[in-house]
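# Fold and contact review
What follows is each chain in one-letter form.
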Amino acid sequence: MVLNNVLLNVGESTTQIDHIVISRSGLFVIETKNYKGWIYGHENSEYWKQILFSNGYSFKNPINQNNVHVYALKRILLGYPQIKYFPIVVFSGGAVLKNVTNWSPGIYSNRLLRTIREQDCESNLSFDQMQAIYDQLDKLRLKSGLEGSKHVKMVKKKIQESRQNLTAETCPNCGSYLIKRKGKFGEFLGCSNFPQCSYTINISKNL
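These figures come from a predicted structure and were not determined experimentally.

## Topic: the overall build of the chain
- For the chain, the helix and strand inventory stands at five helices and 13 strands.
- Going through the 207 residues of the chain one by one, you find that 38% of them count as buried.
- In the chain, once contacts between residues fewer than 6 apart in sequence are set aside, the share between residues at least 24 apart is 54%.
- When the accessible surface of the chain is summed, it comes to about 12,000 Å², and 51% of that surface belongs to carbon and sulfur atoms.

## Concerning the sheet that holds strand β3 (residues 27–34)
- In space, the five strands of this open sheet follow the order β1-β2-β3-β7-β9, with mixed pairing throughout. Every interior strand has two partners, whereas the edge strands, β1 (2–10) and β9 (106–108), have only one. Geometrically, the sheet is characterised by an average inter-axis angle of 40 degrees between neighbouring strands, direction not taken into account.
- When β3 meets strand β7 (residues 85–92), the two strands line up parallel, connected through eight bridges. In the strand pairing of β7, Phe-28 is matched with Phe-86.

## Quick word on the nonpolar core
- Core analysis: the largest hydrophobic core is formed by 19 residues, its most contacted members being Ile-20, Leu-27, Leu-73, Leu-77, Ile-133 and Leu-137.
- Counting residues per element, the ones that place at least two in this core are β1, β2 (13–22), β3, α1 (62–76) and α3 (127–140).
- Those residues in contact with Leu-137, other than ones at most four positions away along the chain, are Leu-3, Leu-8, Ile-20, Leu-27, Leu-73, Ile-76 and Leu-77.

## Regarding the sheet that holds strand β6 (residues 55–60)
- Judged by pairing direction, the sheet is mixed, and its four strands sit side by side in the order β6-β5-β4-β8 without closing on themselves. Looking along the sheet, the strands with just one partner apiece sit at the ends: β6 and β8 (95–101). Each adjacent strand pair in this sheet contributes to an overall mean axis angle of 20 degrees, direction not counted.
- As paired elements, strand β4 (residues 37–42) and strand β5 (residues 47–52) share three bridges and run antiparallel to each other. Residue pairing across strands places Tyr-40 opposite Lys-49, the latter belonging to β5.

## Considering the packing of aromatic side chains
- For the structure shown, the criterion picks out four aromatic pairs.
- Ring centres 6.3 Å apart and planes at 70 degrees place the aromatic pair Trp-48 and Phe-59 in the edge-to-face group. Taken together, the residues span a long stretch of sequence, with Trp-48 in strand β5 and Phe-59 in strand β6 at a distance of eleven residues. Exposure class is identical for Trp-48 and Phe-59. Each is buried.
- The structure contains a cluster of three or more aromatic residues connected by ring pairs, namely Tyr-35, Trp-48, Phe-59 and Phe-91.
- Lying over the aromatic face of Tyr-47, Lys-60 brings its terminal NZ or CZ to 5.1 Å of the ring centre.
- For Lys-98, the ring lying beneath its charged end belongs to Trp-38, and the centroid distance is 4.3 Å.

## Here's the deal with helix α2 (residues 112–119)
- Of the residues making up α2, those classed as buried are Leu-112, Thr-115 and Ile-116. The arc that holds every buried residue of α2, seen down its axis, measures 100 degrees, which confines them to one face. Structural note: α2 exposes Leu-113, Arg-117 and Glu-118 on the side pointing more than 90 degrees away from its buried face.
- Those residues of α2 hidden inside the fold are in contact with β2, β3, β7 and β9.

## Comments concerning the pairing of β1
- Pairing geometry for β1 and β2, over eight bridges, is antiparallel. By the bridge assignment for β2, Val-6 is matched with Ile-17.
- The turn linking β1 back onto β2 is made up of two residues, and Gly-11 within it adopts a positive phi angle of 65 degrees.

## Some details on a nonpolar patch on the surface
- Residues Trp-38, Val-96 and Tyr-108 make up a contiguous nonpolar surface patch of roughly 260 Å² in combined accessible area.
- When you line up the elements, Tyr-108 lands in strand β9.
- A relative accessible area of 32% places Tyr-108 in the partly exposed class.

What counts, and at which threshold
Residues numbered from 1 in each chain as written. Predicted model: local features only at pLDDT ≥ 70, side-chain atom pairs only at ≥ 80, totals over all residues. Heavy atoms only, no water. Helix = DSSP H or I, 4+ residues; strand = E, 2+ residues; numbered from the N terminus. Buried < 20%, exposed > 50% of the residue type's maximum accessible area, 1.4 Å probe, protein only. Contact = heavy atoms within 4.5 Å. Areas by Shrake-Rupley, 256 points an atom, 1.4 Å probe, with all protein chains shown as cover. Pairing = 2+ DSSP bridges. Axes fitted to C-alpha atoms, helices over the stretch in contact; angles between N-to-C directions. Core = buried A, V, L, I, M, F, W, Y, C linked by side-chain atoms within 4.5 Å. Phe/Tyr/Trp six-rings, centres within 6.5 Å; stacked < 30°, edge-to-face > 60°. Lys NZ or Arg CZ within 6 Å of the ring centre and 35° of its normal. Arc of directions from axis to C-beta. Patch = residues over 30% accessible without salt bridge, like charges linked within 9 Å, V, L, I, M, F, W, Y side chains within 5 Å. Salt bridge = Lys/Arg side-chain N within 4 Å of Asp/Glu carboxyl O.

In short, geometric facts, not functional conclusions.
Here you go:
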């Protein structure tokens, strides 16, 4: 059973899940990214990097985004503790994964069905439970255009706030963007590819 473009309330916020596949094994939670160019990233980094025509662009770590989706579903489906969750990040649009290190599957779109079939090998849910989960999520999803507009505005606001700390300077070690951070000794610039890259520099020294 498949649910697409699922917008859910999570506390005082909302989260939008691209696709949810409900199977006997559990829930496949799918985040899709339509990107071109080369993609670099680490599962624990705050930002990933896209290189397109020699230009670099940063975007929020899609694995972290999908983990938020899984957390939201776990809160909603507390009555089903036996559910197993399978987060998958899917890249389409000609993206090339050049140096992506992660435990959660980060795959090309043409491998999605195969990946689901490879992991869909246990029976943890009955058909009746699958139907009940589908009905519950379909009932709770926000379907009005107004709610969708509010979610888009909220996401844009969060992106804008996060980019305020993202500088135009790049890490001399790996080429990722540097982010303004605060530590016990004051502000510093740290690599957005942390922990894969631990480069830091004191802001006062940098200035």
